[in-house]
Amino acid sequence: MTALRDEIASIIAQHGPITLEHYMSLCLSHPTLGYYMTRDPFGPSGDFITAPDISQMFGELLGLWAIEAWRAAGAPSPVRLVELGPGRGTLMADVLRVAPVSAPFAQAIDVHLVETSPALESVQRRMLANASRPVTWSGDFKHVPHGPSIILANEFFDALPVRHFVRIDGSWRERLVGLSDDGALVFGAAQHAEPNLRVDAPEGAIVEIGAVALRLMTDIARRIVKERGALLVVDYGYLETSLGETLQAVEGHAYADPLAHPGEADITAHVDFAALARAAKAQGAKVLGPVTQGHFLDQLGIARRAETLSRQANPEQCSDIAAALERLAGSGDAKAHMGEVFKAMAITHPDMPALPGFL
Ligand code: SAH
């Protein structure tokens, strides 16, 4: 039992079953009881560990990529350097450390972090207390000031709520979260069919739609096409839109039932890269990739970076660097390697050339 479970149960008791999108957004972002609102879920003691916290190499290479993207955009000054969902702020700290590789870039950037969680915002404020540039926080991308932007999003899109539709009696019905007779949260389906979904599928099939992600991608692509710049998305996801669902809950580094402990487990869905690419192209943006994270980091020179770091390291640090390289860019077993499961995709202004990582 969790406090959020009781609150969700009372919403359902009063207003009827809620959509999966509503359920997921309450689980993650309820103002006081949501998963991200109450804790720092990252790192060995948390529920999961992400690429920037595995090694500084990840953020440094993304920083070099941001410099290249900025140059390709015509080196605008000022330029917004935006990160969506910065977690602990490690990625931005590493990006800002390499920014002076290009002095004009370091002087041009105006740093904006988009974060809904006050708990994580304060972790980020501590992490970036000595940042070389002023940093501004916004709760929503809409509030980031306009102008040319280089935007980074690592493991952000997978945290946005999704909708599910279930094939019942030859029509699609939205998947809802309701209450069983004994008061447990259970999946059900809307009574009305969804007229806009026209895909045929066998009885019981499920389609997953990241409607929030698609709206955000549309807004970002529109801004990039009008005001120049680029967005880099790195996330676990799939390349072709297909039937089926990928909702998953993780609690204490193990998979959990998404309805069991609302607010206590991280709930995500794999990113549908093809759908995001279509949304960006519909606004006139250019799409680079998606490519695997392994390909992307290899091309940005992760092996060379690991070698350079190892030269100044003791034997124990050297083996940590080798392990991080393997974990970030390697393509073995998916649990221990991010190289294949994670993908990188960029959205740019249509006049921009191809960028490193996507060649
Ligand atoms: N990029 C980080 C963290 C990924 S977890 C890393 O790689 O380690 C997802 C992050 O997105 C968290 O910081 C979470 O609080 C934030 N977040 C989730 N939904 C959001 C939303 N709708 N708007 C802004 N931030 C959001």
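Preceding this section is the structure that the text describes.
Thresholds, definitions, all that
Residues numbered from 1 in each chain as written. Predicted model: local features only at pLDDT ≥ 70, side-chain atom pairs only at ≥ 80, totals over all residues. Heavy atoms only, no water. Salt bridge = Lys/Arg side-chain N within 4 Å of Asp/Glu carboxyl O. Helix = DSSP H or I, 4+ residues; strand = E, 2+ residues; numbered from the N terminus. Buried < 20%, exposed > 50% of the residue type's maximum accessible area, 1.4 Å probe, protein only. Axes fitted to C-alpha atoms, helices over the stretch in contact; angles between N-to-C directions. Parallel < 35°, antiparallel > 145°, perpendicular 65-115°, else oblique. Left-handed = near helix turned anticlockwise from the far one by under 90°. Contact = heavy atoms within 4.5 Å. Nonpolar A, V, L, I, M, F, W, Y, C, P; charged D, E, K, R; others polar. Expected span 1.5 Å × (residues − 1). Polar contact = N/O pair within 3.5 Å; in protein donor to acceptor, adjacent residues only side chain to side chain. Pairing = 2+ DSSP bridges.

Engineer: Help me out: how do you make sense of the pattern of salt bridges in this one?
Structural biologist: Oppositely charged side chains can form a pair if their charged atoms are brought close together. Enumeration over the complete set of coordinates arrives at 14 salt bridges. Here E60 ties to R97 by a salt bridge, and the two come within 2.9 Å at their closest N and O atoms. Placement of E60 in helix α5 (residues 56-72) and of R97 in helix α6 (residues 90-98) is noted, with a sequence separation of 37 residues between them. A salt bridge links R71 to E68; the nearest nitrogen and oxygen atoms lie 3.0 Å apart. Residue R71 and its partner E68 are both found in helix α5; the two are separated by 3 residues, about one turn of the helix. On the basis of relative accessible area, R71 is assigned to the partly exposed category, the value being 43%. Overall, the relative accessible area of 32% leaves E68 in the partly exposed class.

Engineer: Would you explain the packing of α5 against helix α12 (residues 302-311) in this entry?
Structural biologist: Helix-helix packing is described using two parameters, namely the angle between the two axes and the distance between the axes. Running from amino to carboxyl end, α5 crosses α12 at an angle of 125°, the nearest separation of the two axes being 11 Å. Here α5 is positioned oblique relative to α12, judged by the angle of their axes. Between α5 and α12 lies a crossing whose hand is right-handed. Note on element contacts: α12 touches α5 through I302, R305, A306 and L309, opposite Q56, M57, E60 and L61. Tallied by class, the residues present in the contact of α5 with α12 amount to 5 nonpolar, 1 polar and 2 charged.

Engineer: Mind showing me how you'd approach α5 here?
Structural biologist: The α-helix winds at 3.6 residues per turn, so residues separated by three or four positions along the chain end up facing the same way. Between the first and last C-alpha of α5 there are 25 Å, a value that for 17 residues agrees with the 24 Å anticipated at 1.5 Å per step. The element α5 is largely enclosed, with a buried count of 12 among its 17 residues. What α5 keeps buried is the set M57, F58, G59, E60, L61, L62, G63, W65, A66, I67, A69 and W70. A distance of 2.9 Å separates the backbone nitrogen of M57 from a side-chain oxygen at the start of α5, and that oxygen is part of S55. After α5 finishes, the residue G74 shows a positive phi value of roughly 95°.

Engineer: Whenever I open this one, the sheet that holds strand β12 (residues 254-256) confuses me. Can you help?
Structural biologist: Strands in a sheet are paired, the pairing made by backbone hydrogen bonds, and the direction either parallel or antiparallel. The 3 strands lie next to each other as β12-β11-β13, forming an open sheet whose pairing is antiparallel. Bordering the open sheet on either side are β12 and β13 (266-268), each of which pairs with just one other strand. If you compare each strand with its neighbour and ignore which way they point, the axes differ by 40° on average. Two elements, strand β11 (residues 248-251) and β13, share 3 bridges in a ladder whose sense is antiparallel. Bridging across to β13, A249 finds its partner in I267.

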